[in-house]
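Fold and contact review
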Amino acid sequence: MGELSAAIDHLATEDVTEIPTMQLAEQLLELHWQMARLQAQIARRTGVRLPG
């Protein structure tokens, strides 16, 4: 969870106009996967399952 928080803080303080588009896309993709992993951990710990 610390990684996710650090990634969010890092993106929040950057001026995105100064970041190359490919690097920004890579950062956003990594953030997406960190969020997905966190959601999966929360679901496992709480017993919540998605309908489907």
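One structure accompanies this document, and this report is about it. Predicted model, so just to flag it, every value in this text is computed and none were measured. (Residues numbered from 1 in each chain as written. Predicted model: local features only at pLDDT ≥ 70, side-chain atom pairs only at ≥ 80, totals over all residues. Heavy atoms only, no water.)

**A look at the overall build of the chain**
For clarity, the threshold we go by: The helix count covers DSSP runs of H or I at least four residues long, the strand count covers runs of E at least two residues long, and both are numbered beginning at the N terminus. Burial here depends on accessible area, computed with a 1.4 Å probe over protein chains only, as a share of the maximum for the residue type. Under 20% is buried, over 50% is exposed, and the range in between is partly exposed.
Assigned secondary structure in the chain consists of two helices and zero strands. Counting the 52 residues in the chain, one finds 13% classified as buried.

**Quick word on the pattern of salt bridges**
Put simply, the rule reads: Any Lys or Arg side-chain nitrogen found within 4 Å of a carboxyl oxygen on Asp or Glu counts as a salt bridge.
The tally for this structure, following the rule as stated, stands at one salt bridge. Between E30 and R37 there is a salt bridge; the shortest N-O distance is 3.3 Å. On the basis of relative accessible area, E30 is assigned to the partly exposed category, the value being 39%. Given a relative accessible area of 44%, R37 falls into the partly exposed group.

**Comments concerning the packing of helix α1 (residues 2–13) against helix α2 (residues 21–46)**
Heads up, the condition is: Every axis corresponds to a line fitted to the C-alpha atoms, with the helix fit spanning only the stretch in contact, and the corresponding angles, defined between N-to-C directions, vary from 0 to 180 degrees. Just so you know how the angles are binned, under 35 degrees is roughly parallel, over 145 roughly antiparallel, 65 to 115 roughly perpendicular, and the rest oblique. Crossing handedness follows the turn of the near helix against the far one: under a right angle anticlockwise gives a left-handed crossing, and clockwise gives a right-handed one. Residue contacts follow a heavy-atom distance rule, with two residues in contact if any of their heavy atoms lie within 4.5 Å. The classification used treats Ala, Val, Leu, Ile, Met, Phe, Trp, Tyr, Cys and Pro as nonpolar, Asp, Glu, Lys and Arg as charged, and all other residues, Gly among them, as polar.
For the pair α1 and α2, interaxial distance at closest approach is 10 Å and the crossing angle is 150°. Regarding the angle of α1 to α2, the classification is roughly antiparallel. In this structure, α1 meets α2 at a crossing whose hand is left-handed. Touching E3, L4, A7, I8, H10 and L11 of α1 are L24, Q27, L28, L31, Q34, M35 and L38, all from α2. Of the residues that constitute the contact of α1 with α2, the class distribution is nine nonpolar, three polar and one charged.

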